[in-house]
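Single-letter residue listing:
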Amino acid sequence: MISRRTFLTTTTLGGFATSLRAAPAAGDRALIAITFDLEMSRNFPTWDQTHWDYEKGNLDDATKRYSLQVARRVRERGAAMHFFAVGRVFEQEDAGWLREIAGMGHSIGNHTYDHVNVLATRAEDIQPRFRRAPWLLDDKPPLDFIRRNVRMTSEAMRQRLGIVPSGFRTPGGFPNGLAGRPDVQRMLKEEGFAWVSGKYARHPLGRLGVAPSPAVYDAVREAQRESQPFRYPETGLLEIPMSPISDIGAFRNGRWRLESFLRAIRVGVEWAIEHRAVYDFLGHPSCLVVTDPRMESVDLILDLVRDAGKQAKAATLDKIAAQFGGEG
Ligand SMILES: [Zn+2]
């Protein structure tokens, strides 16, 4: 876990934090983002399957339908949200659903072509697909392969959606984000990204399959402080962390029930509103279509923003980046 002092140092270098207690200010309003990573997830829709590790971008109909449903719901409620696409989805015949999502004014960013681990330094750590089929790799260093995986996704988005990706989200969240890896930070800047979303703070989940204790909710609340935008001191790249708890964290790793997940979302969003800070909800339609078919998590977030009046605003990550001086 990143220590409070490290957090203070990095955010101070970024120029946002003014004191130990204050979260980096997002301005006079909390900025609340809803983000969906468009990929298939192991253990969903049924617990026993791992097939999707090899085909992360081959979205099934239920996942696409849910994404579109949520996009419409958020639009109807007067907000915009952020999607991150795994590039392999553009090999599918029909990209109309994503064009429709973009047409509603939602943002779509890059999530790599094969859901690769951008911190991998050994070929075998890049992604399960390439462990099973290593001949798909070349002899170049892993970071060159990863760069190509990022670039192909941007190119696919340009060709099939006619848009430039809005930001980059790392597959998997890292407790320290991209800290200590200026090579990866530089690669992403060179590929055109002024901001990334790659940090996911470590926090406890409680006992497996047991309703979380008050201490777990307290930890989720405390993790929000560590999940505020900052710049990596090595390169100045802007980081917009994901805010605990994610749906995969709750439903796969913790085996939580929906009511516990909703309560943890409420805890995080309320903290962000109280501190006029940033909240970056991370959901996966491949998981939520099974665990939250009525879209209660998204509705809850929008209800909390609405009830906060002038103290909060729904925002895409590019809007949040602009607020922190990192556009693109
Ligand atoms: Zn992902």
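Everything below is about the structure shown above.
Residues numbered from 1 in each chain as written. Predicted model: local features only at pLDDT ≥ 70, side-chain atom pairs only at ≥ 80, totals over all residues. Heavy atoms only, no water.

## Focus: helix 2 (residues 61–76)
Let me state the cut-off plainly: Under the scheme used here, helices are H or I runs from DSSP no shorter than 4 residues and strands are E runs no shorter than 2 residues, and both carry numbers assigned from the N terminus. The span expected for a helix works out to 1.5 Å for each residue beyond the first. Remark: exposure states derive from per-residue accessible area (1.4 Å probe, protein chains only) relative to the maximum for the residue type, with buried under 20%, exposed over 50%, and partly exposed in between. Residue contacts follow a heavy-atom distance rule, with two residues in contact if any of their heavy atoms lie within 4.5 Å.
Given a rise of 1.5 Å per residue, 16 residues ought to cover 22 Å, and the 22 Å separating the end C-alpha atoms of helix 2 matches this to within 8%. Restricting attention to buried positions, one finds in helix 2 the residues Thr63, Lys64, Tyr66, Ser67, Leu68, Val70, Ala71 and Val74. Turning to helix 2, the residues buried within the fold contact strand 1 (30–38), strand 2 (82–85), helix 3 (96–103), helix 10 (285–291) and helix 11 (296–307).

## Things to note about the layout of surface pockets
Condition: We place a 1 Å grid over just the protein atoms. Points where a 1.4 Å probe fits but has no way out form a cavity, open points with protein on both sides within 12 Å along at least 5 of 7 lines form a pocket, and any residue with an atom within 4 Å of a point lines it. Grid points are joined across faces, edges and corners, and a volume is the space filled by probe spheres set on the points. Note on residue classes: Ala, Val, Leu, Ile, Met, Phe, Trp, Tyr, Cys and Pro are nonpolar, Asp, Glu, Lys and Arg are charged, and everything else, Gly too, is polar.
Taken as a whole, the largest pocket spans an internal volume of roughly 810 Å³. As for the largest pocket, its lining consists of 34 residues, of which His115, Pro171, Gly172, Gly173 and Arg252 are closest to the centre. Among the secondary structure elements, those contributing two or more residues to the lining of the largest pocket are strand 4 (168–174) and helix 8 (247–253). Here the lining of the largest pocket gets five residues from one element, more than from any other, and that element is strand 4. In terms of residue class, the lining of the largest pocket is built from 13 nonpolar, 13 polar and eight charged.

## Focus on the pattern of salt bridges
In plain terms, the rule: Salt bridges are defined as contacts in which a side-chain nitrogen from Lys or Arg sits within 4 Å of a carboxyl oxygen from Asp or Glu.
According to the stated counting rule, one finds 25 salt bridges in the structure shown. Its salt-bridge partner being Lys56, residue Glu39 comes within 3.2 Å of it at the nearest N-O pair. Of the two residues, Glu39 is situated in the loop between strand 1 and helix 2 and Lys56 in the loop between strand 1 and helix 2; the sequence distance between them amounts to 17 residues. With respect to class, Glu39 is no different from Lys56; both count as buried. For the salt bridge of Arg169 with Asp280, the shortest nitrogen-to-oxygen distance reads 3.1 Å.

## Examining the packing of aromatic side chains
Basically, it comes down to this: Aromatic pairing here means that ring centres of Phe, Tyr or Trp (its six-membered ring) are within 6.5 Å. Orientation follows from the plane angle: under 30 degrees is stacked, over 60 is edge-to-face, and everything else is tilted.
For the structure on display, the rule yields ten aromatic pairs. Summarising the aromatic geometry, the rings of Phe36 and Tyr66 are spaced 6.3 Å apart at their centres and angled 10 degrees between planes, so their arrangement reads as stacked. Of this pair, Phe36 sits in strand 1 while Tyr66 sits in helix 2, and the two are 30 residues apart along the sequence. Its relative accessible area of 0% is what places Phe36 among the buried residues.

## As for the nonpolar core
Which entries qualify depends on this criterion: To qualify as a nonpolar core, a set must consist of buried Ala, Val, Leu, Ile, Met, Phe, Trp, Tyr and Cys residues joined through side-chain atoms within 4.5 Å.
Counting residues in each nonpolar core, the largest one holds 64 residues, and the members touching the most others are Ile32, Ile34, Phe36, Leu98, Phe261 and Phe281. Ranked by residue count, the leading element in this core is helix 9 (residues 258–274), at ten residues. With residues near it in sequence (within four places) discarded, Phe281 still touches Ala33, Ile34, Thr35, Phe36, Phe261, Ile265, Leu288, Ser297 and Ile301. With 21 residues, the next largest nonpolar core counts Val116, Ile126, Phe145 and Tyr232 among its residues.

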